[in-house]
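Notes for the structure review
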Amino acid sequence: MFRPAFRDQLPAATQSNTVSSVLATGLLRSYGDSCLNGPGGLIDMTGLDRLIAFDRTTGRLVVEAGISLSDILKIVVPHGWFLPTTPGTRFVSIGGAVANDVHGKNHHRAGSIGCSVRALGLVTAGERRTIGPDAEAALFAATIGGLGLTGIIEWVDLQLVPVPSSRLDVEIIPYGSLDEFWAIASESVVSHEHTVAWIDCMSGGAHTGRGAFTRANWATDGVYEAHSDASWKAVPVEFPSIALNRLTVSAFNEVYFRAHQLQRRRQLQHYATYFYPLDAVSSWNRLYGRRGMLQYQCVIPPGGDRGVIRSLLDRIAKSGQASFLAVLKTFGERTSPGLLSFPRPGSTLALDFPNRGVETLALMRTLDAIVAEAGGALYPAKDGRMPAPMFRQSFPRWREVAACKDPRVNSDFWRRVSLDD
Amino acid sequence: MTDAAKRIVILGATSAIAEAAARRWAKAGGRLVLVGRNTERLEAIAADLAVRGAAAATFVALDCASADAEAELATIVADLGGVDVVLVAYGVLGDQRTAETTPQAAAEVFRTNFTSAAAWCLAAANVLERQRSGTLVVIGSVAGDRGRLSNYVYGASKAGLGVLVQGIAHRLAQQGARAVLIKPGFVDTPMTAAVARKGLLWAKPARIGAIIVKAADKGGPVVYAPGIWRWIMLVIRLVPASLFHRTKL
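First things first, this report covers the structure right here in the doc. (Residues numbered from 1 in each chain as written. Chains lettered and ligands numbered in written order. Predicted model: local features only at pLDDT ≥ 70, side-chain atom pairs only at ≥ 80, totals over all residues. Heavy atoms only, no water.)

1. Some words on the overall build of chain A
When helices and strands are tallied, chain A shows 13 helices and 19 strands. The principal-axis extents of the C-alpha atoms in chain A amount to approximately 60 × 55 × 45 Å. Relative to its 421 residues, chain A shows a buried fraction of 58%. By sequence separation, contacts in chain A at least 24 residues apart represent 76% of the contacts at least 6 residues apart. Carbon and sulfur atoms form 55% of the exposed surface of chain A, whose accessible area is close to 16600 Å². Measuring between centres, the 43 positive side-chain charges of chain A sit 3 Å from its 39 negative side-chain charges. (Helix = DSSP H or I, 4+ residues; strand = E, 2+ residues; numbered from the N terminus. Buried < 20%, exposed > 50% of the residue type's maximum accessible area, 1.4 Å probe, protein only. Contact = heavy atoms within 4.5 Å. Areas by Shrake-Rupley, 256 points an atom, 1.4 Å probe, with all protein chains shown as cover. Lys, Arg positive; Asp, Glu negative; His and termini not counted. Charge placed at Lys NZ, Arg CZ, Asp CG, Glu CD.)

Dropping the structure here:
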């Protein structure tokens, strides 16, 4: 494990011959093995968390790769700026966000974060290079969403967006079926910048896909208050693995759904409440116990997506496996420069499953078949198990990334999906 | 000096603990001068502090261990128009075994951690005494509280510095200025990277930085960081030699 404190230490860290390969890691929020490098070494980037430049009039921000989105927001929000897009946790590093080309609830407007990256510092083959859409474009495209394989992202030059407030005007709309979801979603992507739906995937039949749709636009009150990381809510110990089972999740979903169904609501929410609800509870993952959980996030291309999402949800409801948090969102048309980018036009469904071992993996293989048949893809940042052929089929430009890979860099994910059996 | 930006000079500004303290002073709108050896690193830190809110963040690249402390500090303080805090944060851990077998290695630890740091402390004391205001903050170590076989060369250098700062605190107390010795316990920094870091007693640099910034404003002349170390070191000092000498501490 290398822990560089200054950027000038990176070339030597990548070239160290004490390890067979290296991989840059940030805050380790990837669910699978894309942030692991079993036989090699890791370069912990969190010590490189400095701000390099911030232009308060243009919103251009240059930062070292190890800084967290949380720390960025604390600096820029008071000046009326925000990240162009954000995932559901602010505890990720900006380098990791770029390496996974993360997306958020505003994908239909902003695209993924790679769409707003102006330039990157990349340490590759022992050299410090500056790359961007117009500078070594092929290497840049391989690096956006490139899972850290093309070298070590040293710094990121990002275009922020101006916001009229630090709060959002949020509308929560309970709905009773998938058909209602599609109707609300297609109306909302026009009227709202942020859209997402929580779905109760324990209910089948006519109720399949019922849930609560939330949509939001920035408020216009001109009040700018950054968040605080102080959290009084925490899960102090690991729950027994049995705690989240079909009965408790069904009961939770039922209560949650009823609570939302009582009324369609509109409220002002701080960005931390709206974008990062789980960040308020530290170590929430302990709810899943020692065996942990598995994420399954897929995207289904447009056209067949309505039928395919229904098949996936039916399959899950029938399996008897509980998914506590299920999220459905439609992606927009904006394409990222990234060759390995996950977001693409269509609909994305994200599911959390408590790890029940063989039966959970079997369910996922069943879901794989439906996703592959529909020409969809799985999100590498959340994957620890997809078969290599599925990866290669759904990320057809992977060989171009392989060609740009730094020979000193490797990851467990990459060995799993790129090596021929 | 309540409304004006605080003027801060940091010696050894590229140390993790110093940078953590600097970020707090920057957020409060301070004017900082960073002193250290590596220009590229000082530049990176100065740029970061400027974005975080520092009214000014400049640097002077020199080797604190061999510089003419009196002259260099005079120039820096003249440019700042006075000084509110001088933080002496540089130091080397050295290797105990090497120091025992190689006299130059031990001398190097003493020269860096004690002889040169003492020169800066005395220079700063003269400035603060003339101003009749301001605080000298010096990073010592709990290792200076009792000589132990595992690190007594480093410990001796920090113990000597501690007595010097104690004396300066006594002297300045009668002149309206202050001196504070910070004694960190285990801190997770590049300096201690080679030590196995496990357990509840290891603190992050950010925590020590917060304690330093607070100590620069008020508090006693000796501050353990975090405070639990005051009690841990009290116990360690009280253990009779007959027992202590059977340990490998």
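2. Some details on empty space enclosed by the protein
Throughout the structure, instances matching the rule amount to three cavities of 30 Å³ or more. Taken together, F82(A), L83(A), P84(A), T85(A), T86(A), N106(A), V161(A), V163(A), E193(A), H194(A), W218(A) and F275(A) form the lining of the largest cavity. Of the residues belonging to the lining of the largest cavity, the class tally is seven nonpolar, four polar and one charged. Of the domains in this structure, domain 1 (7-163 + 394-418) and domain 2 (167-387) of chain A are the two that each give at least three residues to the lining of the largest cavity. The computed volume of the second largest cavity comes to approximately 50 Å³. What lines the second largest cavity is simply F6(A), R7(A), D8(A), R50(A), E64(A), E40(B), R41(B) and A44(B). Per element, the largest residue contribution to the lining of the second largest cavity is three residues, and it comes from helix α2 (residues 39-52) of chain B. Split by residue class, the lining of the second largest cavity holds two nonpolar, no polar and six charged. (1 Å grid on protein atoms, 1.4 Å probe; cavity = no way out; pocket = protein on both sides within 12 Å on 5 of 7 lines; lining within 4 Å. Points joined across faces, edges and corners; volume = space filled by probe spheres on them. Nonpolar A, V, L, I, M, F, W, Y, C, P; charged D, E, K, R; others polar. Domains from an automatic or database assignment.)

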